[in-house]
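Tertiary structure, described
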Amino acid sequence: MDRIDDIMGKFNRHREMEVFLTTFDGAQHLRLHGWLKRNDVLIKSENIVNQEDYFGVFTVYINDTMLKKLKEENTEKGLFIDLEVMSTESERWNIFQNKTKDKDNLLESIQNFMFSFQIRDKNDIEKFLKEANETSLALFKKNDDFVDDYVETPEMTKKDKLKDLELMIEAFVEEERYEDCALLVKIKEKVIKHYAKSPAKK
């Protein structure tokens, strides 16, 4: 409940632009996710496409000041490969259609793309959090390198990583998905060991 209230609070901030961010690979996707979380940027949707020319996309709400900071830090840290400011549903579709070049995967990609995720109430937030948990779990299962990147990335603090994992474990326990919980517990242990080896990191 605290997590939902926190997201609702972020959504009720002053008016922000809706921006579409594209990542090249899993490592960059993770760096960007960490940056957005650390800088309190509200993520509207996260999608993994994993095509030849790009890996995934974030749709976020961000103000002018934070957008400028993101662009500046992108030159140093390589957080994304493409950025588009969106204003209409038509524009969203045109951007996504241009990026989806593999016609065989078009339908599946469209099904994974959230055209109009409107944050209206806590039910919407719960749905979004469930989808976000499933996305993260799928990445952990798909690629050991992604797990290592998650454990070692400096873009998220130890506290943020452990909190994310604990919330995911709690959600999957409620669904009695104990094998998934076991995987997340192993990742949590890796995070703890990583920071134990590097006491200077937090």
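The structure under discussion appears in the preceding block.
The text that follows walks through the structure, step by step, so that each part is easy to find. Because the structure is a prediction, the values reported are computed rather than measured.

Thresholds applied
- Sequence order as written defines the numbering, with residues in each chain counted from 1.
- In keeping with the model being predicted, local features are shown solely for residues with a pLDDT of at least 70 and side-chain atom pairs are shown and tallied solely at 80 or more, while totals for entire chains, interfaces and linings include all residues.
- Computation of side-chain values covers all heavy atoms of the structure but excludes hydrogens and water.
- Note on conventions: DSSP H or I runs of at least 4 residues are helices, E runs of at least 2 residues are strands, and numbering of each starts at the N terminus.
- With a 1.4 Å probe rolled over the protein chains alone, any residue whose accessible area is under 20% of its type maximum counts as buried; one over 50% counts as exposed, and the rest are partly exposed.
- In the sections that follow, a salt bridge refers to a side-chain nitrogen of Lys or Arg positioned within 4 Å of a carboxyl oxygen of Asp or Glu.
- Only Phe, Tyr and Trp rings take part, Trp by its six-membered ring, and two of them pair if their centres are within 6.5 Å. Stacked means planes under 30 degrees apart, edge-to-face means over 60, and tilted covers everything else.

Here the focus is unusual backbone geometry. A positive phi is found at D40, a non-glycine position, where the angle reads about 60°. Among the structural elements, D40 can be located in the loop between helix 2 (26–38) and strand 2 (42–48). Non-glycine residue E176 carries a positive phi angle of around 60°. Inspection of the secondary structure assignment puts E176 in the loop between helix 8 (158–174) and helix 9 (178–197). Given a relative accessible area of 57%, E176 falls into the exposed group.

By the definition in use, this model includes 8 salt bridges. In this structure, the salt-bridge partner of K44 is E18, at a minimum N-O distance of 2.5 Å. Of this pair, K44 sits in strand 2 while E18 sits in strand 1 (residues 17–23), and the two are 26 residues apart along the sequence. Both residues of the pair, K44 and E18, count as buried. One salt bridge connects D164 with K37, and the closest N-O pair in it is separated by 3.5 Å. Of this pair, D164 sits in helix 8 while K37 sits in helix 2, placing them 127 residues apart in sequence. We classify D164 as buried; its relative accessible area is 9%. For K37, a relative accessible area of 30% translates into the label partly exposed. A single salt-bridge network, built from bridges that share partners, covers E134, K141, E175, R177 and D180.

Take the packing of aromatic side chains next. With the rule as written, the count across this model stands at 2 aromatic pairs. Seen from their ring centres, F140 and F146 are 5.9 Å apart, and the 55° between their planes marks the pair as tilted. With a relative accessible area of 9%, F146 lands in the buried category. Measuring from ring centre to ring centre gives 5.2 Å for F140 and Y150, while their planes differ by 80°; the resulting arrangement is edge-to-face. A residue pair is termed long-range when its members are at least 10 positions apart, and F140 in helix 6 (residues 122–142) and Y150 in helix 7 (residues 144–152) qualify at 10 residues.

Just geometry here; none of it tells us what the structure is for.
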